[in-house]
Amino acid sequence: MKNLNILSRTALISLGLGMSSPLLAQEDPAAMPVEKSVFDGDYVTAGIGLAVGPSYEGSDDYTVSPLPVVLGSFGGIDFQPRGPGIALDFIPDKKGAKLDFIFGPVVRARFDRQNSIKDPVVKSLGELDFALEVGPFAGVQINRVLHGYDSLTAQVDVRWDVAGAHEGMVVFPSVTYFTPLSRGVITSLAISGEYVDDDYADYYFSVSPAGSAASGLPTFTATSGWKNVGATMLTAVDLDGDATNGGFGLIFLGSYSRLLGDPKRSPVTSIRGSANQWFGAIGVGYTF
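About the thresholds
Residues numbered from 1 in each chain as written. Predicted model: local features only at pLDDT ≥ 70, side-chain atom pairs only at ≥ 80, totals over all residues. Heavy atoms only, no water. Salt bridge = Lys/Arg side-chain N within 4 Å of Asp/Glu carboxyl O. Helix = DSSP H or I, 4+ residues; strand = E, 2+ residues; numbered from the N terminus. Buried < 20%, exposed > 50% of the residue type's maximum accessible area, 1.4 Å probe, protein only. Pairing = 2+ DSSP bridges. Arc of directions from axis to C-beta. Polar contact = N/O pair within 3.5 Å; in protein donor to acceptor, adjacent residues only side chain to side chain. Contact = heavy atoms within 4.5 Å. Phe/Tyr/Trp six-rings, centres within 6.5 Å; stacked < 30°, edge-to-face > 60°. Lys NZ or Arg CZ within 6 Å of the ring centre and 35° of its normal. Axes fitted to C-alpha atoms, helices over the stretch in contact; angles between N-to-C directions.

Next up on the list: the pattern of salt bridges. Per the counting criterion, the structure on display carries 11 salt bridges. The shortest N-O distance in the salt bridge between E194 and R110 comes to 3.7 Å. Of this pair, E194 sits in strand β9 (residues 185-196) while R110 sits in strand β5 (residues 99-110), placing them 84 residues apart in sequence. Taking the relative accessible area as the measure of exposure, E194 reaches 0% and is therefore buried. A relative accessible area of 2% places R110 in the buried class. Among the ionic pairs, D157 bridges to R159, the shortest N-O distance being 3.0 Å. Members of the salt-bridge network, linked through shared partners, are E57, R82, R110, E133, D157, R159, E194 and K227.

Only one face of strand β7 (residues 151-161) is buried: it carries S151, T153, Q155, D157, R159 and D161, and the other face, with L152, A154, V156, V158 and W160, is open. As paired strands, strand β6 (residues 131-143) and β7 are joined by nine bridges and run antiparallel to one another. Along β7, the bridge assignment pairs I142 with L152. Here 10 bridges tie β7 to strand β8 (residues 169-180), and the two strands are oriented antiparallel to one another. Paired with D157 across the strands is F172, a residue of β8.

On to helix α3 (residues 198-205). Inspection of α3 places Y200, A201, Y204 and F205 among the buried residues, and these make up the whole buried set. Angular distribution of buried residues about the axis of α3 spans 95°; they occupy a single face of the element. Residue D197 occupies the N-cap position of α3, its side-chain oxygen lying 3.3 Å from the main-chain nitrogen of D199.

One non-glycine residue with positive phi stands out, namely R113, at about 60°. Looking at where R113 falls in the secondary structure, it is placed in the loop between β5 and α2 (120-123).

By the secondary structure assignment, D157 is in strand β7. Polar side-chain contacts of D157 include one of 3.0 Å to the side chain of R159. In contact with D157, other than residues within four places in its own chain, are R82, V106, P136, F137, V170, V171 and F172.

This part is about the packing of aromatic side chains. Applying the stated criterion to the full structure yields eight aromatic pairs. Judged by centre distance (5.1 Å) and plane angle (45°), the ring pair of F111 and F130 falls under tilted. You can see F111 sitting in the loop between β5 and α2 and its partner F130 sitting in the loop between α2 and β6, a full 19 residues away along the chain. A relative accessible area of 18% places F111 in the buried class. Given a relative accessible area of 31%, F130 falls into the partly exposed group. Here the aromatic residues Y200, Y203 and Y204 are joined through ring pairs into a cluster of three or more. The ring of F137 has R82 lying over it, and the distance from NZ or CZ to the ring centre is 5.2 Å.

Next up on the list: the sheet that holds strand β12 (residues 276-287). On the basis of which strands lie adjacent, the closed barrel formed by 12 strands has the order β1-β2-β3-β4-β5-β6-β7-β8-β9-β10-β11-β12 and antiparallel pairing. The mean angle between the axes of side-by-side strands here comes to 20°, regardless of whether they run parallel or antiparallel. Running over the sheet, α3 touches β5, β6, β8, β9 and β10 (225-238) and is turned about 95° from β9.

Structure, rendered in structure tokens:
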């Protein structure tokens, strides 16, 4: 998990929103009676997979990492993954509601450039410290947008580092559209961006005079702004053809993110890496 960046976080958010949506669809769901689903009450989806992503944000070197996933609902509290981390939605969904509101705390660990740096020049800048970002997240989910079982969700995280690493703020908005393709196949598309303050930008993307002397890269001072925008596609396939009864399923994820502003212009990206960031994963999960 230590190599996963914003792409994997967006993918996991998409996964959490998709799997917590009403998975009751047939090809013609309007013609079918509502049936009991494993997702009607308390449930947990646990999974494991393999992910391929940049070795650090802005890198053009890629690494393979394990990708554990846990999400679900217990006692009316939904929990979503924030790889690596968790978000808790304390507002219970109302059955049959057109709108569901989302609010609660989010905790997210960040290991970027702490290890697994493949580029020797960037590695000479030194490893960075572990960050722990905490704060609230909120949003709204619109149900039955185009048919009886799809949804459109807009939400935003606001997080601050409390571990003394970048000591900055991160704002992460996302919009996700979820729809079943059949009773056993679901898919979602998430669009997201990430805004960071001066402290975050300086910590991860500036090059100090000492860093310049160690690496040969030019000095650079990064400031606040939109760090990236991206899109994530999720497809989940239930192995017995019926997602409503839980059991095993396959998960496929693909993401693309584009660095913007100073993170794009930083020498660790523009000289030693790439503004284009790709992520892919495949895994298996079990819902009960």
